[in-house]
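# Structural overview
Now for the letters of each chain:
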Protein chains: 2
Amino acid sequence: MAAERRAAGTLAPPEVVFAPVRSQTAFEETVDRLGTAIKLGLLAPGSQLPAERELCTRLGIARSTLRQALTALSQSGHVFATRGRGGGTFVADPQPPADPPSAQMLSEWRETCDRRLAVELGVAVLAAERAGPEALAGLEDVAVALDDSLEDFTAYRQADIRLHVGLAEAAGSTWLVQAMTEVQGAMTDLIAYIAHPPEVLASSNAQHRRLISAIREGDAMRATQVMTEHLQGTEHVLAGLLPRG
Amino acid sequence: MAAERRAAGTLAPPEVVFAPVRSQTAFEETVDRLGTAIKLGLLAPGSQLPAERELCTRLGIARSTLRQALTALSQSGHVFATRGRGGGTFVADPQPPADPPSAQMLSEWRETCDRRLAVELGVAVLAAERAGPEALAGLEDVAVALDDSLEDFTAYRQADIRLHVGLAEAAGSTWLVQAMTEVQGAMTDLIAYIAHPPEVLASSNAQHRRLISAIREGDAMRATQVMTEHLQGTEHVLAGLLPRG
DNA sequence: GATCGAAGGACGGAAGACCAAACCTTTTCT
DNA sequence: AGAAAAGGTTTGGTCTTCCGTCCTTCGATC
């Protein structure tokens, strides 16, 4: 039903070609970018953002636009600003509670998982091909941190994100890093409200370790295999809890 | 160098978070969408587009904005319009010659290949998991068409795209279909000016066939393996011709 | 303690993108 | 002849974004 058969010579009208063109404004995109970075812990609580005048040039937008975004983030409690010399904009320390996943998020959970699959598999293969010793050492450190966080899901999840984003960085593709952060943001919204007993987290981290060792040996095949298993874990849990996608 | 080691507990400032936020306008996005669909042959030469008044609602934009895009595409010779009842906007039959790849395209060729790797691997795995008999039959047909086009690279490339997009459709993820069309558009720009002797095309299509058979058997591992080889073909050629990425 | 400099905060106008709703012109079908 | 369906045109308004300027705060330095 998804893909009807069609003659090889002629062309059937595809669907995505005429799908709605979603034109996010610079303001929305900025709120999104910084917001997920904060949600994912990529911007640590208490850490300082670059000065507005610098940040707006880095983001390629006007300062007033950036300010709109920062105002929104400050009103939602994600950042706060102090004035005067030595002041600046900082990530709030007690982060506001994540809002519950929207109906739309939930209805698209399978698409999200599919997207994650593509990104993570690409990362696994490329990391196996390119990851250097320092990058691997860094990943090992994160794996250690993960083992120390089995009792605290929030902490575990943050380190988990750091590991996956770290893998994307080790893969050496900025596009993959960006896609990874986006996809992890979406996954976080889905996972947040699911119970994760320590045993599950422990076995998940064991997969991390196997993944890292496969990457160290440059064994792309094994890396993809381990990664696939790793992802199926979450997917099965979601499939059991959410309406069929 | 790409990813420096950092302590597991603290957070280093990531880079992509502050990367320029690219806010494409609706006009640009529309030209892009329709333009690549035409370039890729997803919209066949001579075929008719939906009426403006319908298309603009489907795309979720105003008619004036859509008209800007259509005007641009007509001026570049990709479409033409006829007035009056029974008229409409049609894809031009002799498509204008593709413009040579920009310097930026060439400098980012490795990123493009990385992105393609992720998309195609995801497609391979999910297609192996979900592809139905009809979808597979359609793919076989395209493979036949490919064998008939070994002497004509333009025709081969069009069928090649149809096959890869068809795989994405068989994978059942609209996101993957969209990503696939984008990535194939970028690849086309890169490949257009490279000689492809019939022997190369024949062996490439042999890989297609092995891929399809792996998918039919639901053998995700073999599918990813074949796909990886398939992609490495192009990548090696590009690596030999283009500056190191 | 006065001053300087660096940070956030606020305003106002100009430009551009987008939208909405008309209306005009051409062509074909009934 | 007229209705209908398509592209072509015009107008005016709204919203976003940009740019520049100025204000306010406050730590650091002299």
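Structure's up top.
The sections below set out a description of the structure shown in this document. Keep in mind that what you see is a predicted model, and the values were worked out from it rather than measured.

Reading guide: rules and limits
Residues numbered from 1 in each chain as written. Chains lettered and ligands numbered in written order. Predicted model: local features only at pLDDT ≥ 70, side-chain atom pairs only at ≥ 80, totals over all residues. Near = placed C-beta within 6 Å. Helix = DSSP H or I, 4+ residues; strand = E, 2+ residues; numbered from the N terminus. Nonpolar A, V, L, I, M, F, W, Y, C, P; charged D, E, K, R; others polar. Least-squares fit on C-alpha atoms with pLDDT ≥ 70 in both. Contact = placed C-beta atoms within 7 Å. Axes fitted to C-alpha atoms, helices over the stretch in contact; angles between N-to-C directions. Parallel < 35°, antiparallel > 145°, perpendicular 65-115°, else oblique. Core = buried A, V, L, I, M, F, W, Y, C linked by C-beta atoms within 7 Å. Buried ≥ 20, exposed ≤ 12 C-beta atoms within 10 Å, placed from the backbone. Pairing = 2+ DSSP bridges.

We now examine the protein's contact with DNA strand D. Around DNA strand D sit 24 residues in total, of which A:Thr25, A:Ala26, A:Phe27, A:Ala62 and A:Gly84 are the nearest. Contributing elements (two or more residues each) for the surface near DNA strand D: α1 (26-39) and α3 (63-75) of chain A together with α2 (52-59), α3 (63-75) and β2 (88-91) of chain B. In terms of residue class, the surface near DNA strand D is built from six nonpolar, eleven polar and seven charged.

Between the two chain copies there is a screw-like relation: a rotation about an axis and a shift along it. With an RMSD of 0.1 Å, chain A superimposes on chain B once it is rotated by 180 degrees and translated 0.0 Å along the axis. Taken together, the rotation and translation relating the two chain copies correspond to the operation of a two-fold axis. In terms of proximity to the rotation axis, the leading residue of chain A is A:Ala118, whose C-alpha is 2.6 Å off the axis. Taken as a fraction of all interface residues of chain A, those also at the interface in chain B reach 98%, which identifies the copy contact as same-surface.

A word on the packing of helix α6 (residues 133-147) of chain A against helix α9 (residues 198-216) of chain A. Helix-helix packing: each pair is described by the crossing angle between the helix axes and the interaxial distance. Residue and element names in this part refer to chain A. Direction vectors running N to C along α6 and α9 enclose 170 degrees, while the axes themselves pass 10 Å from each other. In terms of axis orientation, α6 runs roughly antiparallel to α9. Residues Leu 136, Leu 139, Glu 140, Ala 143, Leu 146 and Asp 147 of α6 form the contact with α9, whose participating residues are Asn 205, His 208, Arg 209, Ile 212, Ile 215 and Arg 216. Residues belonging to the contact of α6 with α9 are distributed by class as follows: six nonpolar, two polar and four charged.

Glancing now at the protein's contact with DNA strand C. Taken together, 23 residues form the shell around DNA strand C, and within it A:Arg85, B:Thr25, B:Ala26, B:Gly84 and B:Arg85 come nearest. Taken together, the residues of the surface near DNA strand C sort by class into six nonpolar, eleven polar and six charged.

A:Val123, A:Ala127, A:Ala223, B:Val123, B:Ala127 and B:Ala223 are the most contacted members of the largest nonpolar core, which has 124 residues in total. Excluding residues that lie within four positions of it along the chain, A:Val123 makes contacts with A:Leu167, A:Ala168, A:Ala171, A:Leu176 and A:Met180.

Residue and element names in this part refer to chain B. Two elements, strand β1 (residues 79-82) and β2, share four bridges in a ladder whose sense is antiparallel. Its bridge partner being in β2, Phe 80 is matched across the sheet by Phe 90. Counted along the chain from β1 to the antiparallel partner β2, the turn is five residues long, and its residue Gly 84 has a positive phi close to 80 degrees.

Taken together, the contact between chain A and chain B spans 66 residues of the former and 65 residues of the latter. Looking at the side of chain A that touches chain B, the elements with two or more residues in it are α1, α2 (52-59), α5 (109-130), α6, α7 (153-171), α8 (174-191) and α10 (220-241) of chain A. At ten residues, the largest contribution of residues to the side of chain A that touches chain B is made by α5(A). Split into classes, the residues belonging to the side of chain A that touches chain B amount to 35 nonpolar, 19 polar and twelve charged.

Worth remembering: the numbers are spatial, not functional.
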